[in-house]
Amino acid sequence: MKAINRIIDRARARPGRIVLCEGDDPRVLQAALRATREGTARILLVGDRARITQVADNEAIDLSGMTLIDPADSPLSAGYAEELFRLREKKGMTRAAAAEEVRKPLVFANLMVRMGDADGSVAGAVHTTADVVRTAIQVIGTDPSFKLVSSFFLMMLCEPFHSLKGGLIFSDCGLVVDPNAEELSEIAMAAADSARNLLDEEPRVAMLSFSTSRSAKHAAVDKVVAAAERVKALRPGLAIDGDVQLDAAIVAEIANRKLPHSQVKGRANVLVFPNLEAGNIGYKLAERVGGAVAIGPLLQGLAKPANDLSRGCSAEDVFHVIAVTVVQAQEAAARAAR
């Protein structure tokens, strides 16, 4: 079974409340309808009621199974404004400014997640990544287990022509531009957790470089080595190789030759790129040349799930991210209960 189908099945088993703040976009409404009909999520649409209803009418989309919330007249707005003021007062926000901010669907949606009125948020079909990520960090906050928020793509290789099959985590391909060694180690640990949760497999992490086992001497290699050593110290049970070239990370024969003491043994399911430039190029090559399906960018390191979308996303992309967000919310709830 494809990894994304397993994720959808897990979401359907315990559907969460997912808030969408771009319900005036037809793609988002189509995905919301599918998620509702298939029982993948309980959809909360936040935004201008008249505009959302008009788009739904134009697209012949039945909203009856969804909850529609307009911040302009929601009874939740006053309490949310007070919470936002409390969060941002030291940054100079006034109560009047907080009340105005809460009227913005993206802010309201993230407050729903923070306040426990939604389990996760999905946005980005209309909003920029910068707006989605900034709002999530400011409102939802970071997971205390991590020092930064990063992103990953769930890459699906499920076609007959793929010699390497299944799901892979690529990180960070969309957010942290030039991580230092400590930041890179944080990305690797968060990506390992994402793999365990979404792929339902033990993570096998490759810290990618143009060098394998210090075959090259360069400051860029030193950074990857230092990051891998920090991960090994903090997560001693985690299978991780670093520094390692891509071929040794995913081809067992090459790993045996280049890295005989490998922990991953050429079977990496988490690829951690040394910087955003490499990660962005890598995932696009896998997608456009290798025929992989890229789901994301997804966020990791937040206290509760809030995920980004590409503004060029399809309705199917939105649906997949909704399902992933439900599964992330299931894990966040289980973590909080421990």
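What comes next is a walk through the structure.

Conventions used here
- Residues numbered from 1 in each chain as written.
- Predicted model: local features only at pLDDT ≥ 70, side-chain atom pairs only at ≥ 80, totals over all residues.
- Heavy atoms only, no water.
- Helix = DSSP H or I, 4+ residues; strand = E, 2+ residues; numbered from the N terminus.
- Rg over C-alpha atoms; globule rule 2.2 N^0.38 Å.
- Buried < 20%, exposed > 50% of the residue type's maximum accessible area, 1.4 Å probe, protein only.
- Contact = heavy atoms within 4.5 Å.
- Areas by Shrake-Rupley, 256 points an atom, 1.4 Å probe, with all protein chains shown as cover.
- Lys, Arg positive; Asp, Glu negative; His and termini not counted.
- Charge placed at Lys NZ, Arg CZ, Asp CG, Glu CD.
- Pairing = 2+ DSSP bridges.
- Axes fitted to C-alpha atoms, helices over the stretch in contact; angles between N-to-C directions.
- Core = buried A, V, L, I, M, F, W, Y, C linked by side-chain atoms within 4.5 Å.
- Right-handed = clockwise from strand over helix to strand, strands pointing away.
- Salt bridge = Lys/Arg side-chain N within 4 Å of Asp/Glu carboxyl O.
- Phe/Tyr/Trp six-rings, centres within 6.5 Å; stacked < 30°, edge-to-face > 60°.
- Lys NZ or Arg CZ within 6 Å of the ring centre and 35° of its normal.

Our next topic: the overall build of the chain. A tally of regular secondary structure across the chain gives 13 helices and 11 strands. Computed over C-alpha atoms, the radius of gyration of the chain comes to 21 Å, within 12% of the 20 Å expected from 2.2 N^0.38 for 338 residues, which places it in the range of a compact globule. Structurally, the chain occupies a C-alpha span of about 65 × 50 × 35 Å along its principal axes. Taken over 338 residues, the chain has a buried fraction of 52%. The contacts of the chain with a sequence gap of at least 6 include a subset with a gap of at least 24, amounting to 72%. For the chain, the exposed surface amounts to about 15000 Å²; the carbon and sulfur share of it is 52%. Side chains of the chain give 41 positive and 42 negative charges; the mean places of these two sets differ by 4 Å.

The next thing to look at is the sheet that holds strand 10 (residues 293-300). Pairing is mixed across the open sheet formed by 6 strands, whose spatial order is 8-7-9-6-5-10. Both outer strands of the open sheet, strand 8 (239-244) and strand 10, are each paired with one neighbouring strand and no more. Direction aside, neighbouring strands of the sheet carry axes that sit 20° apart on average. Where strand 7 (residues 204-208) lies against strand 9 (residues 270-272), 3 bridges are found, and the strand directions are parallel. By the bridge assignment for strand 9, Val 205 is matched with Val 270. Taken strand by strand, helix 12 (residues 276-288) contacts strand 5 (150-157), strand 6 (166-171) and strand 10, and its axis lies near 20° from that of strand 5.

In this structure, Leu 20, Ile 43, Leu 45, Leu 154, Val 205, Met 207 and Ile 322 are the most contacted members of the largest nonpolar core, which totals 63 residues. Once residues lying within four places of it in the same chain are set aside, the contact partners of Ile 322 are Ile 18, Leu 20, Ala 31, Ala 35, Ala 41, Ile 43 and Val 122. By size, the runner-up hydrophobic cluster in this structure holds 30 residues, among which are Val 46, Ala 98, Ala 118 and Ala 136.

On to the pairing of strand 8. Buried residues dominate strand 8, accounting for 5 of its 6 residues. Bridge analysis of strand 7 against strand 8 gives 5 bridges, and the strand direction is parallel. Residue Met 207 lies in a different strand from strand 8, and its bridge partner there is Gly 242. Assessed by its sense of winding, the connection that carries the chain from strand 7 through helix 9 (residues 219-234) to strand 8 is right-handed.

For the rest of this paragraph, the subject is the environment of Leu 208. Tracing the chain through its elements places Leu 208 in strand 7. Exposure remark for Leu 208: the relative accessible area of 6% places this residue in the buried category. Considered as a pair, Leu 208 and Val 225 are 17 residues apart in the sequence and their alpha carbons are 9.8 Å apart.

Summed over all chains, the structure comprises 24 salt bridges. Measuring nitrogen to oxygen at the nearest pair gives 2.8 Å for the salt bridge that ties Arg 86 to Glu 83. Taken together, the residues span about one helical turn, with Arg 86 and Glu 83 both in helix 4 (residues 77-88) at a distance of 3 residues. Accessibility expressed as a relative area gives 14% for Glu 83, which makes it buried. The partner of Arg 204 in a salt bridge is Glu 201, with the nearest N and O atoms 3.8 Å apart. The class of Arg 204 is buried, set by a relative accessible area of 18%. By relative accessible area, Glu 201 is classed as partly exposed at 28%. Three or more residues are tied together by salt bridges with common partners; here these are Asp 9, Arg 12, Arg 34 and Glu 38.

Our focus in this paragraph is the packing of aromatic side chains. Counted under the stated rule, the structure contains 3 aromatic pairs. For the ring pair Phe 170 and Phe 273, a centre distance of 5.4 Å and an interplane angle of 55° mean the geometry is tilted. Here the residue Phe 170 occupies a position in strand 6, and Phe 273 occupies one in the loop between strand 9 and helix 12, the gap between them amounting to 103 residues. Assigned by exposure class, Phe 170 and Phe 273 land together as buried. One cation-aromatic arrangement involves Arg 34 over Phe 319; the distance from NZ or CZ to the ring centre is 3.8 Å.

From the geometry alone we can't say anything about function, so treat these as descriptive.
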